[in-house]
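The lines below spell out each chain.
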Amino acid sequence: MAPPAQPGAQGGRGSKGPPARKLLCMCSLSLCLTYLCYSLMGGTGPGALRSPAGLRGFPAPSALRGSPAPSALRSPAGLRGSPAPSALRSPAGLRGSSATPAPPTRASNASRPGVSAAAWLRTALAPGEVIAAQSGAFERDPQESSTTDEELSRAGSTTPDYGEKRLPQALIIGVKKGGTRALLEAIRAHPDVRAVGVEPHFFDRNYEKGLEWYRNVMPKTLDGQITMEKTPSYFVTNEAPKRIHSMAKDTKLIVVVRNPVTRAISDYTQTLSKKPEIPTFEVLAFKNRTLGLIDASWSAIRIGIYALHLENWLQYFPLSQILFVSGERLIIDPAGEMAKVQDFLGLKRIVTEKHFYFNKTKGFPCLKKPEDSSAPRCLGKSKGRTHPKIDPDVIHRLRKFYKPFNVMFYQMTGQDFQWEQEESDK
Ligand code: A3P
C-alpha cells in the first residue's frame, strides 16, 4: 500500500509552484528581518549582525539556497574545522568513504525557505557563540549510552527461529527525548513490525562494523514484515543521512519532535539524573546570561534547532520519505499519531485506541499489550521524569531563541507544531 501524503503537509513541498515558493521566500525574509530586529533589541547585540570571521565554518547562505554545493552542504555548522563528537567516534577514514559516492541533489519536492537554518543560526548567534559551535563542543555531556555490545548481541540472538534477518526498511532517527521510546514500543505492538529493542547506533558510533554486523543485530522477519530500529542521535549526526541513503535510498524515516524548550529541559534532566553535580540548566543555557547570549553549542540546546538538522537530511531524502510525529500529540492522542505512523509505513491500522490506556500514576498513556507481553505496561522510570523548575525568564529567552527556527521548521515540513502557543513548560 502506498503511503498517503503526510497530514498537514498538503500545503508543503509537493504542491509548491513558483508563486508559492516566492511567498515562502518573502515570508522567510520578513521573519529574518524580524529576527534581526529582535537581535538588535533583545540582547544579542549588534555583534550578532556582523559577519565575523568565525562564521567561515558555516555554509554560505547562497550555497544553501541555490543549486547545492554538496561539500558545503554536507558539512554544516563548523563541523569541518573540528569534528563533532559523532565524527570523532568514527574512524577518520570512514567519513568520506560511504558506498554511494555522490548524494542526490536536494529533494525536488522540498519546500525550501528563502533563508537556510544554518544562515539563520549565523544571524542568531553572537560571535562568541559561533566560535563555540565551531570548536566541536556540541556535546558537553556524555551521550546517553543505552546500548552495550552485550545488549546488542543479545538483541540479535534472541529472535524467533523463523524468517530472516534483514536491514531495516524504516528508522526512528530522532529526536532524543522527543518520545522515541514510546513510539517504538507502540509500533512494535503491530504484528507486521519487528524492531530491535536497544539502540544499535550503527550510523553514528558503529558504522565501521559494517552492514553485516548491523543486519545481525536485527530481529528475524517474515516476508511482508517491516524491520525497524530507533537511534535518536541519528537526526543530529552529520554523516547519518548519507550513510542511510547508501544503505537504501528508500528507507523511511520517522522523527518525533517536541517543543525544543521542553526537550532541552528533558535532556538536561536526564543528564542531571546521572551526574547530579552538573551546573544548573540556567547556567548551562547561556554563554553570557547578562547579555542574554544563548549557548547554542550546548547539545541540549543545539539538538532542538530542528531546521538546521533537517536541512542535512533533505540533501539526501525527499520530504515525503520523512514522517514528523508530534511528541506532544503522542502523549495526548497516541492512537491518532499511530494512525499516521501506520499509514506512512504502509501498514494496516492495527494499533488503535484499543491498545492504549491512560495510567494516572504514571501520568502517561501505557500499552495494554506490549509486543513481548500480554500484561499492560508503562515505560520505565527514565521516561516521564519530573523536570526541575526552570527560571521563567530563561524559558522566555529560550522560546525567543527557538521561535525563528521553529517557524522555519514548520515551513520546511508543512506542519505547524504550535510550540509558540504553549503557555507553560513542564
Ligand atoms: P520526559 O522524561 O522529559 O517527560 P525518549 O524516549 O525519546 O527519550 O523521550 C522521552 C520522553 O517521552 C519523556 O520525556 C516523555 O515526556 C515522553 N513520552 C511520550 N509518551 C510517553 C509515554 N507513553 N510514557 C512515558 N513517556 C512518554
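Scroll up to find the structure.
Predicted model, so just to flag it, every value in this text is computed and none were measured. (Residues numbered from 1 in each chain as written. Predicted model: local features only at pLDDT ≥ 70, side-chain atom pairs only at ≥ 80, totals over all residues. Heavy atoms only, no water.)

A. Just the pattern of salt bridges, in detail. Inspection of every chain in the model, using the stated rule, returns 14 salt bridges. Notably, a salt bridge pairs Asp 391 with Arg 289, separated by 2.6 Å at the nearest N-O pair. Placement of Asp 391 in the loop between strand E11 (364-367) and helix H18 (392-413) and of Arg 289 in the loop between strand E7 (286-288) and strand E8 (293-294) is noted, with a sequence separation of 102 residues between them. Accessibility expressed as a relative area gives 27% for Asp 391, which makes it partly exposed. One continuous salt-bridge network, built from bridges that share partners, spans Arg 181, Glu 185, Arg 188 and Arg 377. (Salt bridge = Lys/Arg side-chain N within 4 Å of Asp/Glu carboxyl O. Helix = DSSP H or I, 4+ residues; strand = E, 2+ residues; numbered from the N terminus. Buried < 20%, exposed > 50% of the residue type's maximum accessible area, 1.4 Å probe, protein only.)

B. View of the pairing of strand E9 (residues 322-326). Counting buried residues in E9 gives five out of five residues, a clear majority hidden from the surface. Side chains of E9 alternate between two faces, with Ile 322, Phe 324 and Ser 326 and Leu 323 and Val 325 buried alike. Examined bridge by bridge, strand E6 (residues 252-257) and E9 share five bridges and lie parallel to one another. What sits directly across from Val 255, in E9, is Phe 324. (Pairing = 2+ DSSP bridges.)

C. Seen up close, the pairing of E6. The element E6 is largely enclosed, with a buried count of six among its six residues. Both faces of E6 are covered, namely the face carrying Lys 252, Ile 254 and Val 256 and the face carrying Leu 253, Val 255 and Val 257. Note that strand E2 (residues 170-174) and E6 share four bridges and pair parallel. By the bridge assignment for E6, Ala 170 is matched with Lys 252.

D. Region of interest: the environment of Asp 333. Positionally, Asp 333 belongs in the loop between helix H16 (327-332) and helix H17 (334-344). Residue classification places Asp 333 among the partly exposed residues on the basis of a relative accessible area of 28%. With 20 residues separating them in the primary sequence, Asp 333 and Glu 353 have C-alpha atoms 8.5 Å apart. From its side chain, Asp 333 meets the backbone nitrogen of Gly 336 in a polar contact 3.0 Å long. (Polar contact = N/O pair within 3.5 Å; in protein donor to acceptor, adjacent residues only side chain to side chain.)

E. Focus on the site of the ligand. Taken together, the neighbourhood of the ligand is formed by 18 residues, with Thr 180, Ser 266, Pro 365, Gly 384 and His 387 sitting nearest. Interatomic distance of 3.0 Å between a backbone N/O atom of Gly 179 and an oxygen atom of the ligand. At 2.7 Å from an oxygen atom of the ligand is found a main-chain nitrogen or oxygen belonging to Gly 384. With the chains in place, 97% of the 570 Å² that the ligand exposes on its own is no longer accessible. Contributions of two or more residues to the shell around the ligand are made by helix H9 (180-188) and E11. (Near = heavy atom within 4 Å. Areas by Shrake-Rupley, 256 points an atom, 1.4 Å probe, with all protein chains shown as cover.)

F. Quick peek at the sheet that holds strand E3 (residues 193-195). Sheet architecture is open: five strands sit in the order E3-E5-E2-E6-E9, paired in parallel fashion. Among the strands making up the open sheet, the edge pair consists of E3 and E9. Sheet twist, expressed as the mean angle between neighbouring strand axes with direction ignored, is 25°. Pairing of E3 with strand E5 (residues 226-230) involves three bridges; the strand directions are parallel. Among the inter-strand pairings, Ala 195 is bridged to a residue of E5, identified as Met 228. Contacting E6 and E9, H17 crosses the sheet at an angle of about 170° to E9. (Axes fitted to C-alpha atoms, helices over the stretch in contact; angles between N-to-C directions. Contact = heavy atoms within 4.5 Å.)

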